[in-house]
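# Descriptive analysis of the structure
Residue-level listing of the chains:
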Amino acid sequence: MARAIRDYYSVRLLLELISTYGFYNREDFHNLGILNQNTYDKALGSLTSALPRSALESRGSGKRKYFYIKRDYFSNRAPWLAASYFLHSAENDGVSLLLLNCLCGSPASLAQGELITRLELISSSEKDLRSLVPRRLSRLEKLGYIEKTGKLYRPAPDPLSGLNRGELTALYYLVSLYACSGFPRIPGEFLRRSMVREFFFRGEKPPKEAFLFRENCCRGVFDEELVCKLSQACRDRRLVSLTPWDGEEFQAAPLAVQLDPRINRWYLVYVNPEIRRAARVRLKNIKECTPLKEGFPEPTDAYEEIARETLSYTYLSTPGDVPPVLVEARLLLDENSYQIQQFRKEIFTGKIVRREEGIFYRALIRDPIELKPLLRSFYPYLQILPGAHNLDREIREELERMLERYGTVS
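In this report, we go over the structure that sits alongside the text. Just so you know, the residues in each chain are numbered from 1, in the order the chain's sequence is written. Only residues with pLDDT of 70 or above have their local features reported here, since the model is predicted, and side-chain atom pairs are shown and tallied only from 80 upward, although totals for entire chains, interfaces and linings are computed over all residues. By convention in this description, side-chain values take in all heavy atoms of the structure and omit both hydrogens and water.

### Quick word on the overall build of the protein
Put simply, DSSP H or I for four residues or longer makes a helix, DSSP E for two residues or longer makes a strand, and each gets a number counted from the N terminus. When its secondary structure is counted, the protein shows 15 helices and 14 strands. Surface exposure of the protein reaches about 24,200 Å², of which carbon and sulfur atoms provide 50%. Here the Shrake-Rupley method, with its probe set to 1.4 Å, supplies the accessible areas, and only the displayed protein chains count as covering residues.

Below you can see the structure in the form of structure tokens.
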């Protein structure tokens, strides 16, 4: 009897390896230390119960039997990818999963009564399916997973099929960017692979990758589960318990999860309700995060005001009550040069202004040291003006030490 997968993470590794490779058997998983045999049996049972029989095939027999995902890129537009992502995102909604499996596995459209009859044979749900199925079908239709024609239901057609080559290529590049460096990465990767299949179906080659990412930008940059937890807590205005890698556990009122797309770093802006102090921390520095049932002890507006007062005119550090400092630099560049266009992309605070004397960069910041990497990189092309800081002297001394030690400042 088919049963719904209640925890996708329990089968995610097995499904990923079967889908990617398709040549590991039960002993291979155990010997390689990927999954022990009991975990393999349970995960495989869940997969074979939830997936249509036509999707999961096997070769070999006995202990050497291994499973693989059947692929037919050239003649089959069946929405397995959409169904697989829905399997990941639906959590404990087993009835919706079985409905989608029935529709994807059927060559013809199905009526509501026939779907109920099939679910009564394979579902272990104790709920009244005749009242539950219409609501689930309406939800699936609203989300775009299925469509209704008269009284018949079928999987929704692939929206990619209506795009021309140029539109599909442009969307592919955008999705590749999110799949490799941004969030949400998982749906981005699902859509990217679906577009690759669409190119194959048309008899065309997928476009070459337009982005070259460092390894640390592609993997392990952030924890998607952590992003989801914090985003949900921010939306619900609920406290979380945070444990940093280098500190003790404390409670925080999360206000926003921020992404810096220039350097692919994620941050959490929060207020510590005990000391009423705001801070910004990188997500990679958070070891554990536990959402709590308690809401914010004070109104959200009060915490947002604390964050504005503490974190305004700052980016990476939390200097507290230090007043902002004006940093100005004259850019020794032509307005249309490549270097100044690159400078515009690199600045994270401040702006470029035009005066009679030339082009200047101007920024108000609490901790001038945050601007040092930027100004040091473009030091040959700018002149740092005097102010309430020592940036020019510090950068010059660093470059002199670099020249003395390495024989170059590049």
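On we go from here.
### Examining the packing of helix H6 (residues 112–122) against helix H7 (residues 129–143)
To get an axis, fit a line to the C-alpha atoms, keeping to the stretch in contact for a helix; angles then go from 0 to 180 degrees between the N-to-C directions. At a minimum axis separation of 10 Å, H6 and H7 run at an interaxial angle of 120°. By the angle class used here, H6 and H7 are oblique. Handedness of the H6/H7 crossing: right-handed. Where H6 approaches H7, its residues Gln112, Leu115, Ile116, Leu119 and Glu120 are matched on the opposing element by Leu129, Arg130, Val133, Pro134 and Leu137. Considered class by class, the residues forming the contact of H6 with H7 number 7 nonpolar, 1 polar and 2 charged. Under this scheme an angle from 65 to 115 degrees is roughly perpendicular, one under 35 degrees roughly parallel, and one over 145 degrees roughly antiparallel; angles in between are oblique. Less than a right angle of anticlockwise turn of the near helix away from the far helix marks a crossing as left-handed, whereas a clockwise turn marks it as right-handed. Contacts were defined at the residue level, with two residues in contact if any of their heavy atoms lie within 4.5 Å. Note that Gly is not counted as nonpolar here; it falls among the polar residues with everything else outside the nonpolar set of Ala, Val, Leu, Ile, Met, Phe, Trp, Tyr, Cys and Pro and the charged set of Asp, Glu, Lys and Arg.

### Regarding the packing of aromatic side chains
Ring pairs shown here join Phe, Tyr and Trp side chains whose ring centres sit within 6.5 Å, with only the six-membered ring taken for Trp; geometry is labelled stacked below 30 degrees between planes, edge-to-face above 60, and tilted in between. Summed over the entire model, instances satisfying the criterion amount to 6 aromatic pairs. Note on tyrosine 172 and phenylalanine 199: the rings are 6.3 Å apart at their centroids and 90° apart in plane angle, and the pair reads as edge-to-face. Here phenylalanine 199 lies in helix H9 (residues 185–201) and tyrosine 172 lies in helix H8 (residues 165–181), a separation of 27 residues in the sequence. Grouping residues by exposure puts tyrosine 172 and phenylalanine 199 together as buried. On the numbers, 5.3 Å between centres and 85° between planes, the contact of phenylalanine 343 with tyrosine 361 is edge-to-face. With a gap of 18 residues between them, phenylalanine 343 in helix H13 (residues 338–346) and tyrosine 361 in strand S13 (residues 358–365) connect regions that are remote in the sequence. Only protein chains enter the area calculation, which uses a 1.4 Å probe; residues under 20% of their type maximum are buried, those over 50% are exposed, and those in between are partly exposed. The class for phenylalanine 343 is buried, based on a relative accessible area of 0%.

### Notes on the nonpolar core
If you look at the biggest cluster of nonpolar residues, it comprises 22 residues, and the most contacted ones within it are Leu331, Phe343, Tyr361, Leu371, Leu375, Leu382 and Ile384. Among the secondary structure elements, those contributing two or more residues to this core are strand S11 (325–331), H13, S13, helix H14 (372–377), strand S14 (382–384) and helix H15 (391–406). Looking at which element gives the most residues to this core, the answer is S13, with 4 residues. With near-sequence residues (within four places) excluded, leucine 371 lies in contact with Val327, Phe348, Thr349, Tyr361, Ala363 and Ile365. Throughout this description, the term nonpolar core refers to a set of buried Ala, Val, Leu, Ile, Met, Phe, Trp, Tyr and Cys residues connected via side-chain atoms within 4.5 Å.

### Some words on the side chain of glutamate 328
Counting through the fold element by element, glutamate 328 comes out in strand S11. N or O atoms closer than or at 3.5 Å make up a polar contact, with two conditions inside protein: a donor-capable atom paired with an acceptor-capable one, and, for residues adjacent in sequence, both atoms drawn from side chains. A polar contact of 2.5 Å, which involves the side chain of glutamate 328, links it to the side chain of arginine 355. Not counting chain neighbours up to four residues away, the residues in contact with glutamate 328 comprise Arg355, Tyr361, Arg362, Gln383, Ile384 and Leu385.

### Focus on the side chain of glutamate 398
Inspection of the secondary structure puts glutamate 398 in helix H15. If we skip the residues at most four places from it in the chain, glutamate 398 touches Lys372 and Arg376.

### Examining the pattern of salt bridges
Here, a salt bridge means any side-chain nitrogen of Lys or Arg that lies within 4 Å of a carboxyl oxygen of Asp or Glu. This model, assessed by the stated rule, comprises 17 salt bridges. Among the ionic pairs, arginine 165 bridges to glutamate 204, the shortest N-O distance being 2.8 Å. A residue pair is termed long-range when its members are at least 10 positions apart, and arginine 165 in helix H8 and glutamate 204 in the loop between H9 and helix H10 (215–218) qualify at 39 residues. Residue classification places glutamate 204 among the partly exposed positions, given a relative accessible area of 28%. Note that glutamate 397 and arginine 393 form a salt bridge whose closest N and O atoms lie 3.4 Å from each other. Taken together, the residues glutamate 397 and arginine 393, both in helix H15 and 4 residues apart, mark about one turn of the helix. Glutamate 397 sits in the partly exposed class, given a relative accessible area of 32%. By sharing partners, the salt bridges in this structure join Lys372, Arg376, Glu394 and Glu398 into a single network.

### What about H7?
Here H7 spans 20 Å end to end across 15 residues, near enough to the 21 Å set by a 1.5 Å rise per residue. Note on H7: the residue one or two positions beyond its end, glycine 144, has a positive phi of about 95°. To estimate the expected span of a helix, subtract one from its residue number and multiply by 1.5 Å.

### Quick word on the sheet that holds strand S4 (residues 146–149)
Note on sheets: strands pair through backbone hydrogen bonds, and any given pair is parallel or antiparallel. In short, DSSP must find at least two bridges between two strands for them to pair. Pairing is antiparallel across the open sheet formed by 3 strands, whose spatial order is S3-S5-S4. On the outer flanks of this sheet lie strand S3 (110–111) and S4, each paired with one strand and no other. Judged from the 4 bridges that link them, S4 and strand S5 (residues 152–155) form a sheet pairing that is antiparallel. Opposite lysine 148, over in S5, you have tyrosine 153 as the bridge partner. Set on the sheet, H7 makes contact with S4 and S5; between it and S4 the angle comes to about 110°.

### Overview of helix H12 (residues 300–311)
Two residues of an α-helix separated by three or four positions point the same way, owing to the 3.6 residues in each turn. With 12 residues, H12 should cover 16 Å at 1.5 Å per step; its first-to-last C-alpha distance of 16 Å lies within 8% of that length. Here H12 has its buried residues at Tyr303, Ile306, Ala307, Thr310 and Leu311. The arc enclosing the buried residues of H12, seen along the axis, measures out at 100°, which places them on a common side. Just past H12, the residue tyrosine 313 takes up positive phi, approximately 60°. For this quantity, the arc is that covered by the directions from the helix axis to the C-beta atoms.

### Topic: a nonpolar patch on the surface
On the surface, Tyr313, Leu326 and Leu364 cluster together to form a nonpolar patch covering roughly 240 Å² of accessible area. Note that leucine 326 resides in strand S11. Residues with no salt bridge and a relative accessible area higher than 30% make up the patches, which join like charges within 9 Å and nonpolar side chains (Val, Leu, Ile, Met, Phe, Trp, Tyr) within 5 Å.

### Things to note about the sheet that holds S14
Reading across the sheet, the 4 strands line up as S12-S13-S11-S14 and stay open at both edges, with antiparallel pairing between neighbours. The strands lining the two open edges of the sheet, one partner per strand, are strand S12 (351–355) and S14. Direction aside, neighbouring strands of the sheet carry axes that sit 30° apart on average. The pairing of S12 with S13 spans 5 bridges and is classified as antiparallel. Across the sheet, the residue bridging to lysine 351 is arginine 362, located in S13.

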